[in-house]
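# Structural characterization, general
Spelled out from the first residue to the last, the chains are:
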Amino acid sequence: MHCSARLFYHNLIPPKPLLAPSASPPNPNPNFILRRDFAASSLLLLLVNPDPLKSEATNNNPPPNCADLAPTKQAFLDISIDGEPIGRITIGLYGDAVPAGASRFGKLVSGAAGVSYRRKEFVKIMPNYVQHGGLRSYGADAELARKTGSNLSVMDSLVNEWEKQNESSCQGTKNVANSVSIIVRDPLKPPPKMKLVARKGKLEIDEEQIGTDPNGTEFVIVTRDSPELDGSALVVGRVVEGMDVVHRIAKVKTVQENTTSPYFRVAKLIGDKRAVVAERGFNRPYSKVVVTNCGLMG
């Protein structure tokens, strides 16, 4: 075909309408959803709400925050620093949420366990919390406790409450600011070693525990949210009055931590006992911070 004829024939064909880059051709059946439109809208919904069923369940029945639990009774701690009284800390205990933990703490402040926190010291001051040394599971404290039938070792009920608290009963960080917790486990404790033992002429596999567990009498008062405590401490209550006293304790000067020193690292690596002793002293207050009196209120 001649060039001019082809041009003439081309001009007789009406051009197709141009579509904008983002436009879609019209849907011939408005009651039928195109597959690409459905996919695009579904993708948008997933971006906004990745798991709508889970979100709906969470919104309908959200787990409570540990700081929102209702106290059932109150305890008090009177504090002194180097012999000077600085005030009282009043603690609301969660008797309904953690009955075993609240009972444990209540018996130790009231003296019902045969011993109490009276005249016992705070042994560690960290950036996020202050820690009381609790009672010894040996010596005079343990002997006094035994006379009343009390046990200064961690009870299974305390560990069970800690597990429940971490699994479902509270959302987010458990040891939030103002919380009071008792230490029920050591997250740094190594796993037990397996060994062969002879019993009744037979070899059996047994577990050898390494290190000692905390006895559930040490407690911490949290000054700032401390998720690092969730792996070891059971929240039993919160400070309802006297956080100014807690913050005064937090300002006491302490032994500087020196774990970054290459000398300390080498000593710890080779098992030098001096490194272990030094590590126990890190963050210990220079001043004597003591519970001069304590008990239950009302």
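The name given to the protein in an unreviewed UniProt entry is Peptidyl-prolyl cis-trans isomerase, with Rehmannia glutinosa as the source organism. Looking at the protein in UniProt, the text filed under Function (unreviewed entry) is "PPIases accelerate the folding of proteins. It catalyzes the cis-trans isomerization of proline imidic peptide bonds in oligopeptides." As stated in UniProt under Sequence similarities (unreviewed entry), the record for the protein gives "Belongs to the cyclophilin-type PPIase family."

## Comments concerning the overall build of the protein
Secondary structure summary: the protein contains 9 helices and 10 strands in total. Burial statistics for the protein: of 298 residues in total, 33% are counted as buried. Contacts in the protein between residues far apart in sequence, at least 24 positions, make up 73% of those at least 6 positions apart. Summed over its atoms, the accessible surface of the protein is roughly 19,200 Å², and 56% of this surface lies on carbon and sulfur atoms.

## Overview of the pairing of strand β8 (residues 219-222)
Burial along β8 is two-sided: the residues F219 and I221 and V220 and V222 are all buried. Across 4 bridges, strand β4 (residues 129-132) lies against β8 in antiparallel orientation. Note on β8: the bridge partner recorded for Q131 is V220. As paired strands, strand β5 (residues 179-183) and β8 are joined by 3 bridges and run antiparallel to one another. From the neighbouring strand, V180 faces β8, where its bridge partner is I221.

## Some details on unusual backbone geometry
Unlike most non-glycine residues, D82 shows phi in positive territory, near 50 degrees. Assignment of secondary structure puts D82 in the loop between β1 (73-81) and β2 (84-93). The exposure class assigned to D82 is exposed, which follows from its relative accessible area of 53%. The phi dihedral of N283 is positive, around 65 degrees, even though this residue is not glycine. Within the secondary structure, N283 sits in the loop between α9 (273-281) and β10 (289-297).

## Things to note about the packing of aromatic side chains
The description of an aromatic ring pair rests on the distance of the ring centres and on the angle between the ring planes. One pass over the structure, following the stated rule, counts 4 aromatic pairs. When the ring of F122 is compared with that of F219, the centres are 5.9 Å apart and the planes differ by 80 degrees; the resulting orientation is edge-to-face. Linking F122 in strand β3 (residues 122-125) with F219 in strand β8, this pair joins segments that are 97 residues apart in sequence. Accessibility assignment for this pair places F122 and F219 in one class, buried. Seen from the ring of F76, R88 lies directly overhead, with NZ or CZ sitting 3.9 Å from the centre.

## A look at the pattern of salt bridges
In total, this model carries 4 salt bridges according to the counting rule given. Between D78 and R88 there is a salt bridge; the shortest N-O distance is 2.7 Å. Placement of the pair is D78 in strand β1 and R88 in strand β2, with a sequence separation of 10 residues. With relative accessibility at 16%, the residue D78 sits in the buried group. Among the salt bridges present, the one from D141 reaches K120, with a minimum N-O distance of 3.9 Å. Within this pair, whereas D141 is found in helix α5 (residues 139-147), its partner K120 is found in the loop between α4 (99-110) and β3, the two being separated by 21 residues in sequence. Note on D141: relative accessible area 13%, which makes it buried.

## What to know about the nonpolar core
L77, I79, I89, F105, F219 and I249 are the most contacted members of the largest nonpolar core, which has 45 residues in total. Element by element, the count of residues in this core is highest for α4, at 5 residues. Filtering out sequence-adjacent residues up to four positions away, I249 remains in contact with I79, I86, I89, F122, I125, V130 and V289. By size, the runner-up hydrophobic cluster in this structure holds 6 residues, among which are Y129, V220, V222 and L229.

## A closer look at the sheet that holds β10
Strand order in the open sheet made by the 8 strands is β3-β4-β8-β5-β9-β2-β1-β10, with antiparallel pairing throughout. The open sheet has two edge strands with one neighbour each: β3 and β10. Within this sheet the neighbouring strands show an average axis-to-axis angle of 30 degrees, counted without direction. As paired elements, β1 and β2 share 9 bridges and run antiparallel to each other.

## Overview of the pairing of β5
Among the 5 residues in β5, 5 count as buried, and that is most of the element. Of the two faces of β5, the one lined by S179, S181 and I183 and the one lined by V180 and I182 are each fully buried. Pairing analysis gives 5 bridges linking β5 to strand β9 (residues 233-241), with the strands arranged antiparallel. Counted as the bridge partner of I183 is A233 from β9.

Cut-offs and rules
- What you see as residue numbers is a count from 1 along each chain, following the sequence as written.
- Residue-level local features of this predicted model are given only where pLDDT is at least 70; pairs of side-chain atoms are given and counted only at 80 or more, and the full residue set underlies all totals for whole chains, interfaces and linings.
- To obtain the side-chain values, all non-hydrogen atoms of the structure were included, while hydrogens and water were left out.
- UniProt positions are given in the numbering used here, feature names are shortened, and annotations may be inferred rather than shown by experiment.
- Helix and strand definitions here come from DSSP, where helices need a minimum of 4 consecutive H or I residues and strands a minimum of 2 consecutive E residues; each element is numbered from the N-terminal end.
- Burial status follows relative accessibility: with a 1.4 Å probe on protein chains alone, a residue under 20% of its type maximum counts as buried, one over 50% as exposed, and anything between as partly exposed.
- When checking whether two residues touch, look at their non-hydrogen atoms; a contact exists if any pair is within 4.5 Å.
- Per-residue accessibility takes into account occlusion by the displayed protein chains alone, with areas from the Shrake-Rupley method and a 1.4 Å probe.
- For two strands to be treated as a pair, DSSP must find no fewer than two bridges joining them.
- Two rings from Phe, Tyr or Trp (for Trp, the six-membered ring) form a pair when their centres sit within 6.5 Å of each other. Planes less than 30 degrees apart are called stacked, planes more than 60 degrees apart edge-to-face, and all others tilted.
- Ring-over charges, as used throughout, are those where CZ of Arg or NZ of Lys falls within 6 Å of the ring centre and within 35 degrees of the ring normal.
- For salt bridges, the criterion is a side-chain nitrogen of Lys or Arg within 4 Å of an Asp or Glu carboxyl oxygen.
- The definition of a nonpolar core used throughout is a set of buried Ala, Val, Leu, Ile, Met, Phe, Trp, Tyr and Cys residues joined through side-chain atoms within 4.5 Å.
- To obtain an axis, a line is fitted to C-alpha atoms, over the contacting stretch when the element is a helix, and the angle between two such axes runs from 0 to 180 degrees between their N-to-C directions.

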